[in-house]
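Architecture and fold: a report
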2 protein chains.
Amino acid sequence: MSGKIPGMNVSMLGSLAEPNRMAIVELLRNGSLTVGEIANRLELSQPHASKHLKVLSDNGIVEVKPEANRRYYKLRSEPFRVIEYWATSFQKDMERRLDNLDDYVQELQNKKQ
Amino acid sequence: MSGKIPGMNVSMLGSLAEPNRMAIVELLRNGSLTVGEIANRLELSQPHASKHLKVLSDNGIVEVKPEANRRYYKLRSEPFRVIEYWATSFQKDMERRLDNLDDYVQELQNKKQ
DNA sequence: ATGGAATATAACTGTAAAGGCATATTTAAT
DNA sequence: ATTAAATATGCCTTTACAGTTATATTCCAT
């Protein structure tokens, strides 16, 4: 069962486009943390932290490792590879268009009519 | 360690994290387009397209070149460079942590208490 | 088994943003 | 001058989601 290659999708981006969730992600750069630790450091209520972590988890940004009472959340690397690839592809397209002078050609065509 | 990435902010990500705006951005891969062309191809109302373009413009994703009656929108490259750099920095941090066995160390520390 | 700690979740509220409609503004053409 | 085309913007409604509170669940310790 070859897993489908997860592409770029808006909901993944959306999960990162929220201040508290971005703060969580930045916090997890340094390694895994429990819900309580995350809530404490970011001064969020526990349910609030859990909710944001669920969004991040549903979008594949983080993964959980239960350890007795606690749940350790940590970043997954895949979404960041996907985002990097996506962003790079845009830069390549833009460079290519510059090389081919598509802009200039298109501009001329537009002025023709 | 590993501070914030200059230029990366959630509202920029948020401007891309909406289906119609993502569609606009993908459409603009091929070059600049007018509001009307964008609205037609994506089957959006003209005001709707204009509104989304304003969000993208306010966040530096696109730039405008007025040409008589029309306004040509095209992608800016900077935000994509910023996003790529940001995503790359996360992968580097994760690789580094793997190399340093930070996970293991942290796990031990956590179990100590 | 009982109590407490850590976490998840359901129900609720408030607010911000998407989407639609009408209109203002700018420019070209006649 | 007048008309038409392209675009922006303001107002309105609806929907989505962040945030709070209360409660349920799970696990450990005694």
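Scroll up to find the structure.
Heads up: these notes are all about the structure in this document.

So, how was this worked out
- Residues numbered from 1 in each chain as written.
- Chains lettered and ligands numbered in written order.
- Predicted model: local features only at pLDDT ≥ 70, side-chain atom pairs only at ≥ 80, totals over all residues.
- Helix = DSSP H or I, 4+ residues; strand = E, 2+ residues; numbered from the N terminus.
- Contact = placed C-beta atoms within 7 Å.
- Near = placed C-beta within 6 Å.
- Nonpolar A, V, L, I, M, F, W, Y, C, P; charged D, E, K, R; others polar.
- Axes fitted to C-alpha atoms, helices over the stretch in contact; angles between N-to-C directions.
- Parallel < 35°, antiparallel > 145°, perpendicular 65-115°, else oblique.
- Pairing = 2+ DSSP bridges.
- Expected span 1.5 Å × (residues − 1).
- Buried ≥ 20, exposed ≤ 12 C-beta atoms within 10 Å, placed from the backbone.
- Arc of directions from axis to C-beta.

**Concerning the environment of I24 of chain B**
Residue and element names in this part refer to chain B.
- As for its position among the elements, I24 is in helix α2 (residues 19-27).
- As for I24 and L42, which are separated by 18 residues in sequence, their C-alpha atoms are 7.8 Å apart.
- Every residue in contact with I24, bar those within four places of it in the chain, is listed here: I38, L42, H52, L53 and L56.

**Looking at the protein's contact with DNA strand C**
- The local shell around DNA strand C holds 20 residues, among which T34, G36, P47 and S50 of chain A together with P47 of chain B are the closest.
- Contributions of two or more residues to the surface near DNA strand C are made by α3 (35-42), α4 (46-58) and β3 (70-75) of chain A together with α4 (46-58) of chain B.
- Element by element, the count of residues in the surface near DNA strand C is highest for α4 of chain A, at 6 residues.
- Across the surface near DNA strand C, the residue classes tally to 6 nonpolar, 9 polar and 5 charged.

**Some remarks on the packing of α2 of chain B against α4 of chain B**
Residue and element names in this part refer to chain B.
- Axis separation between α2 and α4 bottoms out at 10 Å; the angle between their running directions is 75°. With respect to their mutual orientation, α2 and α4 come out roughly perpendicular. Between α2, through N20, R21 and I24, and α4, the contact on the second element is made entirely by H52, L53, V55 and L56.
- Its residues placed into classes, the contact of α2 with α4 shows 4 nonpolar, 2 polar and 1 charged.

**Description of the sheet that holds strand β1 (residues 33-34) of chain A**
Residues and elements named next belong to chain A.
- Taken in spatial order, the 3 strands of this open sheet run β1-β3-β2, and their pairing is antiparallel. Each edge of the open sheet carries a strand with a single partner, namely β1 and β2 (62-67).
- The pairing of β2 with β3 spans 6 bridges and is antiparallel. Its bridge partner lying in β3, P66 is registered against R71.

**Observations concerning the interface of chain A and chain B**
- With 29 residues of chain A in contact, the opposing surface of chain B contributes 30 residues.
- Those elements that place two or more of their residues in the side of chain A that touches chain B are α1 (10-16), α2 (19-27), α5 (78-99) and α6 (102-112) of chain A.
- Here the side of chain A that touches chain B takes 11 residues from α5 of chain A, the largest share from any one element.
- Residue composition of the side of chain A that touches chain B, grouped by class: 12 nonpolar, 8 polar and 9 charged.

**So, the sheet that holds strand β2 (residues 62-67) of chain B**
- In space, the 3 strands of this open sheet follow the order β1-β3-β2 (chain B), with antiparallel pairing throughout. The sheet is open, and its two borders are formed by β1 (33-34) and β2 of chain B, each paired with just one other strand.

**Some points on helix α5 (residues 78-99) of chain B**
Residues and elements named next belong to chain B.
- Over its 22 residues, α5 extends 31 Å from the first C-alpha to the last, a length consistent with the 32 Å expected when each residue adds 1.5 Å.
- If you check which residues of α5 are buried, you get P79, F80, I83, W86, A87, F90, D93, M94 and R97. Relative to the axis of α5, the buried residues are bounded by an arc of 155° and lie together on one face. Set apart from the buried face of α5 by more than 90 degrees, the exposed residues are E78, E95 and D99.

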